[in-house]
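# Reading the structure
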Amino acid sequence: MSMTDYKENGNIQETPFGYTLSVIGGKWKMLILYLLAENQPVRFNDMKRRIGAITFKTLSSQLKELEADGMVSRKEYPQIPPKVEYSLTHKAETLLPVLEQLCEWGEKNRNN
């Protein structure tokens, strides 16, 4: 679907672009996906440490949303202390070429 289809449809949320933004939009989701792509699986506290400025509550809710959208899988180990690891699903891995293109764009345009 192209942008001209959006004009006919009238609601960008109902386009494939709108769906994509609903899954990866926001301040943290793409950063989480990028981190997982580079270092999976990743434990919750390690992810929090690597991201830095994100709160525990926000990280938890963003991971839950990504999991609900089928982008992240969560594996819980029954031990004390609890151990939970996150990794990308196949669906999320199909998005990696797009993330790579965004990285390339950033590299080319960072200093311009």
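Chains are numbered independently. Their residues run from 1 in the order of the written sequence. Residue-level local features of this predicted model are given only where pLDDT is at least 70; pairs of side-chain atoms are given and counted only at 80 or more, and the full residue set underlies all totals for whole chains, interfaces and linings. Calculated side-chain values reflect all of the structure's heavy atoms, with hydrogen atoms and water omitted.

## Digging into helix 2 (residues 16-24)
For each residue, the accessible area found with a 1.4 Å probe, counting protein chains only, is set against the maximum for its type, and the residue is called buried under 20%, exposed over 50%, and partly exposed in between. Secondary structure elements follow DSSP: runs of H or I of four or more residues count as helices, runs of E of two or more count as strands, with numbering from the N terminus. Those residues of helix 2 that fall on the buried side of the exposure criterion are Gly 18, Val 23 and Ile 24. Of the surrounding secondary structure, the elements contacted by the buried residues of helix 2 are helix 3 (29-39) and helix 5 (56-68). Backbone geometry just after helix 2 places Gly 26 at a positive phi near 105°. Any two residues having at least one pair of non-hydrogen atoms within 4.5 Å are treated as being in contact.

## Topic: the pattern of salt bridges
Close approach of charged atoms allows side chains with opposite charge to pair. Each salt bridge in this description consists of a side-chain nitrogen of Lys or Arg and a carboxyl oxygen of Asp or Glu lying within 4 Å of one another. Here the structure, examined in full by the defined rule, presents five salt bridges. The partner of Arg 49 in a salt bridge is Asp 46, with the nearest N and O atoms 3.5 Å apart. A residue pair is termed a helical-turn pair when its members lie 3 or 4 positions apart in one helix, as Arg 49 and Asp 46 do in helix 4 (residues 44-51) at three residues. Note on Arg 49: relative accessible area 60%, which makes it exposed. Here Asp 46 falls in the partly exposed class, since its relative accessible area comes to 22%. In this structure, Arg 50 engages Asp 46 in a salt bridge whose closest nitrogen and oxygen atoms are separated by 3.3 Å. In this pair, Arg 50 and Asp 46 are both assigned in helix 4, four residues apart and thus about one turn of the helix distant. By relative accessible area, which is 45% here, Arg 50 ends up partly exposed.

## Focus on the sheet that holds strand 1 (residues 42-43)
Any two strands with at least two DSSP bridges between them are considered paired. Reading across from one edge, 1-3-2 is the order of the three strands in this open sheet, with antiparallel pairing throughout. Two strands in the sheet have a free side with no partner beyond their single neighbour: strand 1 and strand 2 (72-77). When strand 1 meets strand 3 (residues 83-88), the two strands line up antiparallel, connected through two bridges. For Arg 43, the partnering residue across the bridge sits in strand 3 and is Glu 85.

## Some thoughts on the packing of helix 2 against helix 3
Note on geometry: axes are lines fitted to C-alpha atoms, helical ones only across the stretch in contact, with angles between N-to-C directions running from 0 to 180 degrees. Relative to each other, helix 2 and helix 3 sit at 75°, their axes nearing to 8 Å. The angle between helix 2 and helix 3 places the two elements in the roughly perpendicular class. Where helix 2 approaches helix 3, its residues Ser 22, Val 23 and Ile 24 are matched on the opposing element by Lys 29, Met 30 and Leu 33. When its residues are assigned to classes, the contact of helix 2 with helix 3 shows four nonpolar, one polar and one charged. Here the angle decides the label: under 35 degrees means roughly parallel, over 145 means roughly antiparallel, 65 to 115 means roughly perpendicular, and every other value means oblique. Amino acid classes used here: Ala, Val, Leu, Ile, Met, Phe, Trp, Tyr, Cys and Pro are nonpolar; Asp, Glu, Lys and Arg are charged; the rest, including Gly, are polar.

## Points about the packing of helix 3 against helix 7 (residues 96-109)
Describing two packed helices takes the angle between their axes plus the distance from one axis to the other. Packing of helix 3 against helix 7 brings their axes to within 11 Å, and their N-to-C directions diverge by 105°. Taken together, the axes of helix 3 and helix 7 are roughly perpendicular relative to one another. Of helix 7, the residues touching helix 3 (which contributes Met 30, Leu 33, Tyr 34, Ala 37 and Glu 38) are Leu 96, Leu 99, Glu 100, Leu 102 and Cys 103. Grouping the amino acids of the contact of helix 3 with helix 7 by side-chain chemistry returns eight nonpolar, no polar and two charged.

## Remarks on the packing of aromatic side chains
Pairing of aromatic rings covers Phe, Tyr and Trp, the last counted by its six-membered ring, and requires centre-to-centre distances within 6.5 Å; plane angles under 30 degrees mean stacked, over 60 mean edge-to-face, and any other angle means tilted. Counted according to the given criterion, the structure contains one aromatic pair. Their ring planes at 25° and their centres at 6.0 Å tell us that Phe 44 and Phe 56 sit as a pair that is stacked. Placement of the pair is Phe 44 in helix 4 and Phe 56 in helix 5, with a sequence separation of twelve residues. For Phe 44, a relative accessible area of 18% translates into the label buried. Residue Phe 56 is classed as partly exposed on the basis of its relative accessible area, which comes to 47%. Lying over the aromatic face of Phe 56, Lys 48 brings its terminal NZ or CZ to 5.3 Å of the ring centre. Across the ring face of Tyr 77, the terminal group of Lys 83 is positioned such that the distance to the ring centre comes to 4.8 Å. Only when the NZ of Lys or the CZ of Arg is both within 6 Å of the ring centre and within 35 degrees of the ring normal is a charge said to sit over the ring.

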